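Below are the chains, spelled out letter by letter.
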Amino acid sequence: MAEIEIADMTFEQAMAALEQVVNQLERGEVALDQSIRLSERGALLKERCAKLLKEAEERVEKITLGEGGVPKGTQPVEGL
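What counts, and at which threshold
- Residues numbered from 1 in each chain as written.
- Predicted model: local features only at pLDDT ≥ 70, side-chain atom pairs only at ≥ 80, totals over all residues.
- Heavy atoms only, no water.
- Helix = DSSP H or I, 4+ residues; strand = E, 2+ residues; numbered from the N terminus.
- Buried < 20%, exposed > 50% of the residue type's maximum accessible area, 1.4 Å probe, protein only.
- Lys, Arg positive; Asp, Glu negative; His and termini not counted.
- Salt bridge = Lys/Arg side-chain N within 4 Å of Asp/Glu carboxyl O.
- Polar contact = N/O pair within 3.5 Å; in protein donor to acceptor, adjacent residues only side chain to side chain.
- Contact = heavy atoms within 4.5 Å.
- Core = buried A, V, L, I, M, F, W, Y, C linked by side-chain atoms within 4.5 Å.

Visitor: So what exactly am I meant to see when it comes to the side chain of R48 here?
Guide: You can see R48 is positioned in helix α2 (residues 32-59). Within the buried core, R48 has no salt-bridge partner, and the shortest N-O distance to an opposite charge, that of E55, equals 5.8 Å. A distance of 3.3 Å separates a polar atom in the side chain of R48 from the backbone oxygen of I6. Residues contacting R48, with those up to four places away along its chain left out, are I6, A7, D8, M9 and A14.

Visitor: I'm lost on the nonpolar core in this one. Help?
Guide: Nonpolar side chains tend to gather and get buried jointly when the protein is soluble and globular. One finds I6, M9, A14, A17, L18, V21, L38, L45 and C49 forming the largest nonpolar core, which totals nine residues. Elements with a contribution of two residues or more to this core: α1 (11-27) and α2. At four residues, the largest contribution of residues to this core is made by α1. Aside from chain neighbours lying at most four places away, what touches A17 is M9, R41 and L45.

The following block contains the structure:
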């Protein structure tokens, strides 16, 4: 089974891969060269997660309330 490119990963896939990298590094059972490669991969995975999270936050809508607290619609979240 071919490994998925980081740029094609979903948030969940990238988080799972990042957790694997962290676990391997925390165990300390990898050679220095492999630790460096894992660290580089981890940085790319972190960037992918951050990008996807920001995109999701930008799509979040907040409910606007009218008189009496009755929902009257939605509007994009500002400032993200």
